[in-house]
Amino acid sequence: MAEIRRSSQTSEEKKSGEEGLIEAAPLPTPLPKMQLAILLLVQMPEQLTASVIYPFVNQLVRSTGITGGDERKTGYYAGLIESLYYAVEAVTILQWGRVSDHIGRKPVILVGLFGVTLSIVSFGFSNRFWMIILSRCAQGALNGNIGVVKSTMTEITDASNMAQAFAWLPLAWSTGYTLGFLIGGVLSDPAAKWPNSVGRYALFHRYPYFLPCIVAASVSISSWLITLLFLKESVSKNGSVSHSDDTKELVMQTATTHDKPAGAQVGVLPRMLDEADIASPVSTSLESTRTDFRSIFIPGVIIPVLHYGLLSFVDQCMLVLMPLMYSTSRPLGGLGFSSNTIGLVMTAWSMLNGTIQVYAFPRLLRRFGPKRLYTTSFAFFLITFSTYPLMNYMAKRKMEAGMWLILCVQLVAYVVAFLTYSCVILYINNGAPSRALLGATNGLAQMLGSAMRAVGPTAVSSLFALSLQKNLIGGTAVYWIMCTIVILALGFSTYLPKSFT
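Bear in mind the structure is a predicted one, so any value in this text is a computation, not a measurement.

Mapped onto the secondary structure, Thr328 falls in the loop between α16 (299-327) and α17 (339-368). According to the relative accessible area criterion, Thr328 is buried, its value standing at 4%. The spatial distance from the C-alpha of Thr328 to the C-alpha of Glu71 is 8.0 Å, given a sequence separation of 257 residues. For Thr328, the residues in contact, after removing those within four places along its chain, are Glu71, Gly334, Leu335, Gly336, Phe464 and Leu468.

Next comes the structure, spelled out in structure tokens:
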């Protein structure tokens, strides 16, 4: 009986100890849903206005007469249009980030949204090549929101919910891309599509791509109004991080989790934004911020930033090749899709992408860790590029079912490859030396990303045109060059740390 009692007592103590461990385990801080939703709404118009031109940009280039009637030259000029936006953004994005460190995030976000609205309206009225170029440059110069939004998201979250918050960012991008592709594909050249209704107005005959641009502008100005009325500033006037009352209360509720066992910690979450940092915000003077700017040039920042640049280049090349290859006639190596079909295909990819990013990324990050997830996802770019020549092979032989099957495989592979963005963003935020330099750190990353996105369209579209004109590897040389770049980038990923510190 004594042995039974001791056994029962030991069992009860063990159970009690397990309950204690469970109680000590931390609960994720609830997300500041209202502010997060506004930030996602802010981010969406940038992707929308950038992508709305993709379904019709190649047709627009040909309509200006700049190609002289040679379809094979389209890639040179379309690539230039797509590159200039990111080239100008690369010059200005770091400065927007630094300005937001000093005057606050909200004013910079408002300027960016207003600038995007004006420039996309100007693009819709452009029917000469030089007008298209000027409008695209203005859009890149006036928009510096992506780095600022990332900094703000970092400031309103903590270590327990940051991965969950950033998992929603690709949804905003995908929503913007989805709407952009859909609007650009369906509403381009409306006078030709609906001659008995829209075709009655001379405006849409003279400016066939004005309608999708003005619809995109209306989304951007709506986001501007919502931001003006409801977004709270996350940086106070003295440079410290400010938090809303509900955020502070949530932090107080989770403050006891510092006493949890080491085994209860999630090892893949970033270290720099834990609850202690939020409870004791760091303030800094304008002068010290300028001095400390040099401190972001450390391996913990530079390596993820370089990876962000490589990812931006590869992703932008893929994004440019999709409408370019899809719209090219089948005898020349494409699929011969109309702008409508291109818009619908890219819309389907965006919808699938947004859903997968939100629901799959946090779970995959916890299971595999950031480095393993990053390298595995990045490797899927090999599938996305290598499927292009296979699709054209089937299209030339009128194997329509096989062509569409391979196209679906390509889109799914691209969705998986897109997981790399959330990983590298967390790496960058984790490496930032201090809160005061979050804007500068993200600005540096976005500057390099924009520079690589500027190089990407011109490089890949020129390679596409050159491959066709010179018949390099049967006109498919561009795809195998991109696969080689992906392999080299995978080799460089060995320098990333296995987990966040």
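Looking at the protein chain as a whole, the pLDDT averages 80, with 83% of positions reaching at least 70. Confidence over residues 10-25 falls short of pLDDT 50; this stretch has four contacts with residues more than four positions distant or in other chains.

We now examine the side chain of Thr117. The topology assignment puts Thr117 in helix α5 (residues 105-124). Taking relative accessible area as the criterion, Thr117 reaches 10% and is therefore assigned buried. Contact partners of Thr117, with chain neighbours within four places excluded, come to Ala217, Ser220 and Ile221.

A separate point is unusual backbone geometry. Located in the positive-phi region is Asp189, a residue other than glycine, with phi close to 50 degrees. Examined against the element boundaries, Asp189 turns out to sit in the loop between α9 (169-187) and α10 (190-193).

Its place among the elements puts Lys150 in helix α7 (residues 145-155). Judged by relative accessible area, which is 2%, Lys150 ranks as buried. Considered as a pair, Lys150 and Ile425 are 275 residues apart in the sequence and their alpha carbons are 8.2 Å apart. For Lys150, the residues in contact, after removing those within four places along its chain, are Phe166, Leu169, Trp173, Tyr308, Ile425, Asn442 and Gln446.

Conventions used here
- Residues numbered from 1 in each chain as written.
- Predicted model: local features only at pLDDT ≥ 70, side-chain atom pairs only at ≥ 80, totals over all residues.
- Heavy atoms only, no water.
- Helix = DSSP H or I, 4+ residues; strand = E, 2+ residues; numbered from the N terminus.
- Buried < 20%, exposed > 50% of the residue type's maximum accessible area, 1.4 Å probe, protein only.
- Contact = heavy atoms within 4.5 Å.
- pLDDT = per-residue confidence, 0-100.

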